[in-house]
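# Summary of structural features
Spelled out from the first residue to the last, the chains are:
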Amino acid sequence: MRRIYIFDTTLRDGEQTPRVTLEPQEKLRIARQLEEMGVDVIEAGFPIASPGDVEAVTIISKEIKNSTVCGLARSVKKDIDVAWSALQYARKPRIHVFIATSEIHMKYKLKKTKEEVLEQAVESVRYARSFCDDVEFSAEDATRSDPEFLKEVFLGVIDAGATVINVPDTVGYCIPNEFGNFIAQIKSYLPEDIILSIHCHNDLGLATANSLLGVLNGANQVEVAVNGLGERAGNAALEEVVMAIRTRKDAFDAYTNLNTEYIINLSRLVSGFTGIPVQPNKAIVGINAFAHEAGIHQDGVLKERSTYEIMNPKDIGLDSSEIVLGKHSGRHALNERLKQLGYSLSEEELMKVFEKFKVLADEKREILDRDLITLLEEKKLEIPVYRLINMEITTRSDNSSYAVVNLERGEETFHGEAEGDGPVEALFNAIEKAVEMHFELIDFSLKSVTTGKDALGESLVKLKKNGEIFTGRGTSKNVLEASAIAYINAINRALV
Ligand code: KIV
Ligand code: ZN
């Protein structure tokens, strides 16, 4: 199998993500993780761009020992000098020089002729080689460049000492088969010992596909960024390229040296430092990438993981895949979750809980463990005597409130209305009117038992009558309803 080198540019192109800056210490922490993971080359920054980048590349060069540390430089002496001033401490340094080779860039941006660009490229590589044995050359906008001119430039810089030739699809213009053919053609004339690298941008959402076509056509270094960060729509995502090569090694006949179990933590670290969240359905590292919601899928995964999972979540560092309980979930998944929570229900009990679960799932996007526990607790405590049918509360500007409640008990219905100092007192007074009993309220509490805007509230009520204390509990997304249910629950206990 062919070894594919992974060149990570999270700290350079990734930092070019609009509105992202990383502190040198943050870059160092990411670099440590990249090294531990086994990344071959860490592009630590673009030193000429800012003093912060010089500092970051310097501290990373001083500390990182196993990965090559690379710094970017335009094909000009000053850039190369500054890059080397930071890279000189690295055990394995690489200077990465680039110049644009497409008509459009040469004419409008550089305002240089082909001859001038060729000469500048060759000179800069020669100059970089005077400092360092490992020099990468990138032809910016290579995929929109004249292939014959590109060949001339590549062979020229190799002659001047370049060890790695990088082919960037700078503006994400290529489509996969086209990019693959482009790389195959370049591979055909490069000397064997030269590393052929690719660097794909995601403007058309094709960065990973293009990178993989590049690998299939002879590239042996892929430039990637964690979470697909990078200029504009970003670079090919490290996690996607690496997991595709690993998962489909049959198709690629290739491997990388990465320990993929670091992927999820690295993704979270980068997302935290950059402030760029990972979209939920992002391949490999999105929170939904290993989550199943549909009943049919959950049933399949619970019977045999490989029915709906092509990768093992452990391979990217997750403990397991996730069964998300929501409105599409089935009884199998609910029962499994309840078992994990320590509940063992009969078939009949499960049916009842499942019905309640479906009602709640219609209102709430995701049913969390705490929601389930609450549902089961309510079921256990419920003594079917009085039940709340509906309630209405009006609060006036002087804070006094008026409550109307309708209850049922078997076939009978009961109505109560009352004032109170605040909505809770009015509600409790109205319930007492309806049941025609009076209790002493000795404790009342209300708390949120799940998180989020649509969280469940749980109310606890303690009532006293004839020296005995009765506790009632109620849950609802409406906190006043939870309080009413708890009050009625306590009354029911008193009746029983
Ligand atoms: O996209 C690009 O062309 C680059 C080069 C500097 C490699 O990032
Ligand atoms: Zn780029």
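Just so we're clear, the structure is a prediction, and the values are computed from it rather than from any experiment.

What counts and how
Residues numbered from 1 in each chain as written. Chains lettered and ligands numbered in written order. Predicted model: local features only at pLDDT ≥ 70, side-chain atom pairs only at ≥ 80, totals over all residues. Heavy atoms only, no water. Near = heavy atom within 4 Å. Polar contact = N/O pair within 3.5 Å; in protein donor to acceptor, adjacent residues only side chain to side chain. Areas by Shrake-Rupley, 256 points an atom, 1.4 Å probe, with all protein chains shown as cover. Helix = DSSP H or I, 4+ residues; strand = E, 2+ residues; numbered from the N terminus. Salt bridge = Lys/Arg side-chain N within 4 Å of Asp/Glu carboxyl O. Buried < 20%, exposed > 50% of the residue type's maximum accessible area, 1.4 Å probe, protein only. Axes fitted to C-alpha atoms, helices over the stretch in contact; angles between N-to-C directions. Parallel < 35°, antiparallel > 145°, perpendicular 65-115°, else oblique. Contact = heavy atoms within 4.5 Å. Nonpolar A, V, L, I, M, F, W, Y, C, P; charged D, E, K, R; others polar. Phe/Tyr/Trp six-rings, centres within 6.5 Å; stacked < 30°, edge-to-face > 60°. Lys NZ or Arg CZ within 6 Å of the ring centre and 35° of its normal. Pairing = 2+ DSSP bridges. Domains from an automatic or database assignment. Buried area = accessible area lost by both parts, 1.4 Å probe. Donors = N, O, S within 2.8 Å, 3.2 Å for Na, K, Ca; no water.

## Details of the site of ligand 1
The immediate surroundings of ligand 1 are formed by R12, D13, H96, F98, S138, E140, N166, P168, T170, H199 and H201. Between ligand 1 and D13, the relevant distance is 3.0 Å, taken from an oxygen atom to a side-chain nitrogen or oxygen of the residue. Within the side chain of H199, a nitrogen or oxygen atom sits 3.1 Å from an oxygen atom of ligand 1. Out of a free accessible area of 260 Å², ligand 1 has 94% covered by protein chains. Going through the elements one at a time, β5 (93-100), β6 (135-140) and β7 (164-169) are the ones with two or more residues in the shell around ligand 1.

## A few points about the pattern of salt bridges
All told, the structure shown has 28 salt bridges when counted by the stated rule. A salt bridge links D146 to K114; the shortest N-O distance between them is 3.1 Å. Here K114 lies in helix α5 (residues 114-129) and D146 lies in the loop between β6 and α6 (147-159), a separation of 32 residues in the sequence. D146 sits in the partly exposed class, given a relative accessible area of 34%. With a shortest N-O distance of 2.7 Å, R331 and E347 are connected by a salt bridge. Placement of the pair is R331 in helix α13 (residues 331-340) and E347 in helix α14 (residues 347-363), with a sequence separation of 16 residues. Accessibility expressed as a relative area gives 53% for E347, which makes it exposed. Shared partners join several salt bridges into a network, and the residues in it are R12, D13 and E43.

## Things to note about the packing of helix α2 (residues 51-63) against helix α3 (residues 77-87)
Closest axis-to-axis distance for the α2/α3 pair is 7 Å, and the angle between their directions is 40°. By the criterion of interaxial angle, the relationship of α2 to α3 is oblique. Counted together, V54, V57, T58 and S61 of α2 and V82, A86 and L87 of α3 form the full contact between these two elements. Residue composition of the contact of α2 with α3, by class: 5 nonpolar, 2 polar and no charged.

## Describing unusual backbone geometry
Its identity as a non-glycine residue notwithstanding, K111 has a phi of 55°, on the positive side. Take K111: it is sitting in the loop between α4 (103-110) and α5. Judged by relative accessible area, K111 falls into the exposed class, the value being 63%.

## A few points about the packing of aromatic side chains
Applying the stated criterion across every chain, the model contains 8 aromatic pairs. Between Y386 and F414, the ring centres sit 5.3 Å apart and the planes meet at 75°, which makes this aromatic pair edge-to-face. One end of the pair, Y386, is in the loop between α15 (369-381) and β13 (387-395); the other, F414, is in strand β15 (residues 412-420), with 28 residues separating them in the sequence. Of the residues examined, Y386 reaches a relative accessible area of 7% and is grouped as buried. Ring centres 4.1 Å apart and planes at 25° place the aromatic pair F428 and Y487 in the stacked group. Here F428 is found in helix α16 (residues 423-435), whereas its partner Y487 is found in helix α17 (residues 479-495), with 59 residues between them in sequence. Exposure class is identical for F428 and Y487. Each is buried. Directly above the aromatic system of Y127 lies the positively charged group of K77, at a separation of 5.0 Å from the ring centroid. Lying over the aromatic face of Y386, R409 brings its terminal NZ or CZ to 4.8 Å of the ring centre.

## Some remarks on the sheet that holds β13
If you trace the 3 strands from one edge of the open sheet to the other, you get β13-β14-β15, paired in antiparallel fashion. This sheet does not close on itself; its edge strands, each paired only once, are β13 and β15. Ignoring which end each strand starts from, the neighbouring axes of this sheet average 10° apart. Pairing of β13 with strand β14 (residues 401-409), which is carried by 8 bridges, proceeds in the antiparallel orientation. Paired with I393 across the two strands is A403, which belongs to β14. The strands touched by α16 within the sheet are β13, β14 and β15, with β15 carrying the most contacts at an inclination of about 140°. Against the sheet, α17 contacts β13 and β14, and its axis sits at roughly 135° relative to β13.

## Let's talk about the domain arrangement of the protein chain
Note: interface size is frequently given as the accessible area lost on complex formation between the parts. Domain boundaries assigned for the protein chain yield domain 1 (2-274), domain 2 (291-378) and domain 3 (387-495). Domain 1 and domain 2 are separated by 43 Å when their C-alpha centres are compared. Each side of the interface is counted separately: domain 1 has 9 residues, and domain 2 has 7 residues. Between domain 1 and domain 2 the total buried area reaches about 620 Å² when both faces are included, carbon and sulfur atoms providing 63% of it. For the pair domain 1 and domain 2, the number of links is 1 salt bridge. Where domain 1 packs against domain 2, one counts 4 residue pairs in polar contact (both at pLDDT 80 or more). Listed by contribution, the elements that provide at least two residues to the side of domain 1 that touches domain 2 are α9 (238-247) and α11 (263-274). Of the residues that constitute the side of domain 1 that touches domain 2, the class distribution is 4 nonpolar, 2 polar and 3 charged.

## Examining the coordination of the zinc ion (ligand 2)
Within the first shell, the zinc ion (ligand 2) binds the protein through D13 (OD), H199 (NE2) and H201 (NE2), at distances of 2.0 to 2.1 Å. Along the chain, the residues donating to the zinc ion (ligand 2) fall in the pattern D-x185-H-x1-H. A residue is classified by how much of its surface remains accessible, and H199, at 5% relative accessible area, is buried. The buried category is assigned to H201, whose relative accessible area is 4%.

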